[in-house]
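# Commentary on secondary and tertiary structure
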Amino acid sequence: MNAGIKIAGLNINIKNIPFMNDETEDIYVEKYFKEPDFEYKVILSEEDFVLKGVCILRDGKKSIYSLDNGNYAIKFFIDTKDGKTICYTFFDFENGCANIYIPSSFAFDESNTENFISLLTLDFLLIQYQRVVMTGTLVNCDSKGYIVSGPTTKSVDELVHLWKSEDDIKIISEHQVIIDGSGDELKAWGTLPRTEQDLVSDRVIGIDKIVIANKADELNSKLVRGSGLYKNIIPRISMVTWNAELLEKSMNVVDSVIANVDIYEYSYTLDNDAIDYLNKYIIE
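Structural notes, computed from the coordinates.

Criteria and thresholds
- Here the residue numbers are simple positions, counted from 1 along each chain's written sequence.
- Residue-level local features of this predicted model are given only where pLDDT is at least 70; pairs of side-chain atoms are given and counted only at 80 or more, and the full residue set underlies all totals for whole chains, interfaces and linings.
- Computation of side-chain values covers all heavy atoms of the structure but excludes hydrogens and water.
- Each helix corresponds to a stretch of at least 4 residues labelled H or I by DSSP, and each strand to a stretch of at least 2 residues labelled E; elements are numbered beginning at the N terminus.
- The globule rule used for comparison is 2.2 Å times the number of residues to the exponent 0.38, while the radius of gyration itself is calculated over C-alpha atoms.
- Each residue is assigned to one of three classes by its accessible area relative to the maximum for its type, calculated with a 1.4 Å probe on protein chains only: buried under 20%, partly exposed between the two thresholds, exposed over 50%.
- What sets the accessible areas is the Shrake-Rupley method with a 1.4 Å probe; for residues, cover comes only from the shown protein chains.
- By the convention used here, strands pair only if DSSP detects at least 2 bridges between them.
- Helix axes are fitted to C-alpha atoms over the stretch in contact, other axes to C-alpha atoms as well, and angles between N-to-C directions run from 0 to 180 degrees.
- Paired rings are identified among Phe, Tyr and Trp, the last through its six-membered ring, by centres lying within 6.5 Å, and are further divided according to the angle between planes into stacked (under 30 degrees), edge-to-face (over 60) and tilted (the rest).
- Polar contacts, as used here, are pairs of N or O atoms within 3.5 Å; protein pairs need one atom able to donate a hydrogen and one able to accept it. Residues neighboring in sequence count only if both atoms are side-chain atoms.
- Comment on the angle field: the value is read as roughly parallel under 35 degrees, roughly antiparallel over 145, roughly perpendicular from 65 to 115, and oblique elsewhere.
- Whether two residues are in contact is decided by their heavy atoms, any of which lying within 4.5 Å being enough.
- Under the scheme applied here, ten amino acids are nonpolar (Ala, Val, Leu, Ile, Met, Phe, Trp, Tyr, Cys and Pro), four are charged (Asp, Glu, Lys and Arg), and all others, including Gly, are polar.
- A helix is expected to span 1.5 Å multiplied by its residue count minus one.
- In these notes, a set of buried Ala, Val, Leu, Ile, Met, Phe, Trp, Tyr and Cys residues joined through side-chain atoms within 4.5 Å is what counts as a nonpolar core.

With that out of the way, let us pick up the overall build of the protein. Scanning the protein from N- to C-terminus turns up seven helices and 17 strands. Against the compact-globule benchmark of 19 Å for 284 residues, the protein has a radius of gyration of 20 Å, which places it among compact chains. By residue count, 50% of the 284 residues in the protein fall in the buried class. Split by element, the accessible area of the protein, about 14200 Å² in all, is 44% carbon and sulfur.

This brings us to the sheet that holds strand 2 (residues 10–15). Read across the sheet, eight strands follow the order 1-2-3-8-7-6-5-4 without closing on themselves; strand pairing throughout is mixed. The two strands at the open ends of the sheet, each matched to only one other strand, are strand 1 (3–7) and strand 4 (53–58). Neighbouring strand axes in the sheet, compared pairwise and without regard to direction, differ in orientation by 20° on average. Looking at chain direction, strand 2 and strand 3 (residues 38–44) are connected through four bridges and run parallel. Bridged to Asn 13 within strand 3 is Glu 39.

Turning next to the packing of aromatic side chains. As enumerated under the stated definition, the model contains 18 aromatic pairs in all. Between the aromatic rings of Phe 38 and Tyr 40, the centroid separation amounts to 5.2 Å while the plane-to-plane angle is 65°, which identifies the pairing as edge-to-face. For the pair shown, Phe 38 and Tyr 40 are each scored as buried. On the basis of an interplanar angle of 70° and a centroid distance of 5.2 Å, the ring pair of Phe 49 and Phe 90 is categorised as edge-to-face. Of this pair, Phe 49 sits in the loop between strand 3 and strand 4 while Phe 90 sits in strand 7 (residues 83–92), and the two are 41 residues apart along the sequence. In this structure, Phe 49 and Phe 90 share a single accessibility class: buried. Three or more aromatic residues joined by ring pairs form one cluster here, namely Phe 38, Tyr 40, Tyr 72, Phe 91, Phe 93 and Phe 124.

With that settled, the discussion passes to the environment of Asn 13. On the secondary structure map, Asn 13 appears in strand 2. For Asn 13, a relative accessible area of 0% puts it in the buried group. In this structure the C-alpha to C-alpha distance between Asn 13 and Gly 83, which are 70 residues apart in sequence, comes to 29 Å. Here the side chain of Asn 13 touches Phe 33 through a polar contact of 2.7 Å, landing on its backbone oxygen.

The next subject is the packing of helix 4 (residues 153–166) against helix 7 (residues 273–283). For the pair helix 4 and helix 7, interaxial distance at closest approach is 9 Å and the crossing angle is 90°. Put simply, helix 4 runs roughly perpendicular to helix 7. Mapping the contact onto sequence places Leu 159, Leu 162, Trp 163 and Glu 166 in helix 4 and Ala 274, Ile 275, Leu 278, Asn 279 and Ile 283 in helix 7. In the contact of helix 4 with helix 7, the residues fall into seven nonpolar, one polar and one charged.

Moving on: helix 4. If you check helix 4, its first and last C-alpha atoms are 20 Å apart, about what 14 residues at 1.5 Å a residue would give, namely 20 Å. Along helix 4, the residues that are buried comprise Ser 155, Val 156, Glu 158, Leu 159, Val 160, Leu 162 and Trp 163. Contacts made by the buried residues of helix 4 are with strand 10 (137–141), strand 11 (144–149), strand 12 (170–173), strand 15 (204–215), strand 17 (262–268) and helix 7.

Below, the discussion takes up the nonpolar core. Soluble globular proteins tend to pack their nonpolar side chains together in the buried interior. Grouped together as the largest cluster of nonpolar side chains are 37 residues, with contacts concentrated most on Ile 12, Tyr 40 and Leu 119. For this core, the secondary structure elements donating two or more residues are strand 1, strand 2, strand 3, strand 6 (72–80), strand 7, strand 8 (97–102), helix 1 (104–107) and helix 3 (122–128). No other element matches helix 3, which puts five residues into this core. Apart from the residues within four sequence positions on either side, Tyr 40 is in contact with Ile 12, Asn 13, Ile 14, Lys 15, Phe 91, Ala 98, Ile 100, Leu 120, Leu 122 and Leu 125. Of all hydrophobic cores here, the second largest spans 23 residues; its members include Met 134, Ala 188, Ile 205 and Val 253.

We now examine the side chain of Thr 269. Relative to the elements of secondary structure, Thr 269 occurs in the loop between strand 17 and helix 7. For Thr 269, the contacting residues outside a window of four places in its chain are Leu 162, Ala 216, Asp 217, Glu 218, Leu 219 and Ala 274.

The next thing to look at is the environment of Gly 53. Residue position: Gly 53 is located in strand 4. In this structure the C-alpha to C-alpha distance between Gly 53 and Asp 208, which are 155 residues apart in sequence, comes to 43 Å. Once residues lying within four places of it in the same chain are set aside, the contact partners of Gly 53 are Ser 66, Leu 67 and Asp 68.

Spelled out as structure tokens, the structure:
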């Protein structure tokens, strides 16, 4: 089954999607784009490829290779009910496409849907199009976008919960935000998909402010300036540091955020005064 999905304003086709049946087909965007920005093709293969190039990043789940032909390959080690399964994604960014190689046992097991989505490696793809993933929760307040980030997800969740209990805000996405620096105006999109349901997400809003939240004993806030701007933003954004061209694209988005968005450090308390203070000194 072929399908088209929209992620952060990009039209992406996926050919030969596994797990598709009458019950799951309507979860994906029904449209198949005639001129996509990028296209994946799924290929059934039992082959263990010999990757000719340099391994530039390795963790317990994947290894990323810079190939001798100038492209990239990612070797995945995925835990399934049958044990460790090896899958591959070969990217060809110059031609706007990628091939995903998966074994038959993986392809026809519908419990692997979430694992399959990880093979798209969308955060890696997005950087090619001047989009980066930031840790934080995206909030719509009076049709303006606010990214709430912090040292822990708990500090973010506590403040957003307080805010939602006091004001009519809408949570666009939790814990991850896609920042789009490809146009004249910065935009924020909903989270990267982890499940099929997320693939239909195409929510976007302009970024008014970024709030770095931290629980404290007293209320306090300050507008961040100077080197503190980079200190607050860079650790929270997915950065490709092993490739000069991709690092430059990531930094271009970071520079645009710092130049165009007010960033506040906010020490909040767990009471209603925290939201009154937030509205008075940061939001308004």
